Every structure is written in C-alpha cells, then in structure tokens.
Amino acid sequence: MKVMRNSRIGLGAAIFFAAILSLSAYFVFAAIQGDFGHFQRVQIEAEEQLLTQQLAELRQQREEIANKTHRMSDDYLDLDLLDEQARKLLGMARPDEVIIR
C-alpha cells in the first residue's frame, strides 16, 4: 500500500509542477508579447521619439510663420519681405530687370 501512496504523491506533485510551469510560461509570455509587454513598450517609445521630432519641426515652422506674420504686420513692415512676396506671388518685377526662367 505504501507503493500506491507514493505514486499518487508523485502524480499529484507532477500535476502541481506542470500547472505552476504553465502559469509561469503564460505570465512570461504576457510580460514579453502582451498588450503591456516589453515589445509593446519599445514600440511606443519609438513612436514617442518620432512624434517628438515631428513636434519640434512643427514648432519651428510655426515660429517661421509667426516671424513672417510679424514682419508683414501694420506695426512693423519689412520692405524686403514685402518686395519678395510681391515678386513671388504676383509675379511682379521692375522694368529694368531681366527675368530668366
């Protein structure tokens, strides 16, 4: 009878360890591949860097536009910028200039 009891304990221990191993494997997989896992975090950090770079570029463009707007305002008029814009948008030129296209 002791032999049967030992085999039952061995079988129960094997099932217990198999269950623990399965749960551990599941949690390790979830920690690496899951929605909040390591790979997802790396992907989000890469996307964050890209968006930060795009934000910096957009801020620079906004500053350039704000500068041009200020230079063309009623309070401050930059004649060189006005001349440049008239030539560019309206196709204007002085009579003594030669235009090469």
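Residues numbered from 1 in each chain as written. Predicted model: local features only at pLDDT ≥ 70, side-chain atom pairs only at ≥ 80, totals over all residues. Heavy atoms only, no water.

Considerations on the overall build of the chain
Consideration 1: Within the chain, the regular secondary structure consists of three helices and zero strands.
Consideration 2: Reading the chain from its N end, one meets helices and strands in the order α-α-α.
Consideration 3: Scaling as 2.2 N^0.38, a compact globule of 101 residues should have a C-alpha radius of gyration of about 13 Å, whereas the chain reaches 36 Å, well beyond that.
Consideration 4: The principal-axis extents of the C-alpha atoms in the chain amount to approximately 120 × 35 × 15 Å.
Consideration 5: The buried share of the chain, taken over its 101 residues, is 6%.
Consideration 6: With an accessible surface of roughly 9,800 Å², the chain has 62% of that area assigned to carbon and sulfur atoms.
Consideration 7: Where the 12 positive side-chain charges of the chain centre and where its 15 negative ones centre are 19 Å apart. (Helix = DSSP H or I, 4+ residues; strand = E, 2+ residues; numbered from the N terminus. Rg over C-alpha atoms; globule rule 2.2 N^0.38 Å. Buried < 20%, exposed > 50% of the residue type's maximum accessible area, 1.4 Å probe, protein only. Areas by Shrake-Rupley, 256 points an atom, 1.4 Å probe, with all protein chains shown as cover. Lys, Arg positive; Asp, Glu negative; His and termini not counted. Charge placed at Lys NZ, Arg CZ, Asp CG, Glu CD.)

A look at the pattern of salt bridges
Consideration 1: Scanning the entire structure with this criterion turns up three salt bridges.
Consideration 2: With a shortest N-O distance of 3.2 Å, Glu45 and Arg41 are connected by a salt bridge. Taken together, the positions of Glu45 and Arg41, both in helix α2 (residues 38–71) and four residues apart, correspond to about one turn of that helix.
Consideration 3: On the basis of relative accessibility, which here comes to 37%, the residue Glu45 falls in the partly exposed class.
Consideration 4: The partly exposed category is assigned to Arg41, whose relative accessible area is 48%.
Consideration 5: Linking Asp83 and Arg87 is a salt bridge whose minimum nitrogen-to-oxygen distance equals 2.9 Å. (Salt bridge = Lys/Arg side-chain N within 4 Å of Asp/Glu carboxyl O.)

Looking at the environment of Gln40
Consideration 1: With respect to the helices and strands, Gln40 occurs in helix α2.
Consideration 2: By relative accessible area, Gln40 is classed as partly exposed at 31%.
Consideration 3: Apart from residues no more than four positions distant in its own chain, Gln40 is found in contact with Gly34 and Asp35. (Contact = heavy atoms within 4.5 Å.)

So, the confidence of the model for the chain
Consideration 1: On average, residues of the chain score 85 in pLDDT, and 91% of them are at 70 or above.
Consideration 2: Per-element confidence in the chain is highest for α2, whose mean pLDDT is 94, and lowest for helix α1 (residues 2–33), whose mean pLDDT is 81. (pLDDT = per-residue confidence, 0-100.)

A short note on the packing of aromatic side chains
Consideration 1: Applying the stated criterion across every chain yields a total of two aromatic pairs.
Consideration 2: Ring geometry for Phe16 versus Phe17: centroids 5.5 Å apart, planes at 70°, classification edge-to-face.
Consideration 3: Relative to Phe27, the ring of Tyr26 lies with its centre 5.4 Å away and its plane at 65°, an arrangement referred to as edge-to-face.
Consideration 4: Taking the relative accessible area as the measure of exposure, Tyr26 reaches 53% and is therefore exposed. (Phe/Tyr/Trp six-rings, centres within 6.5 Å; stacked < 30°, edge-to-face > 60°.)

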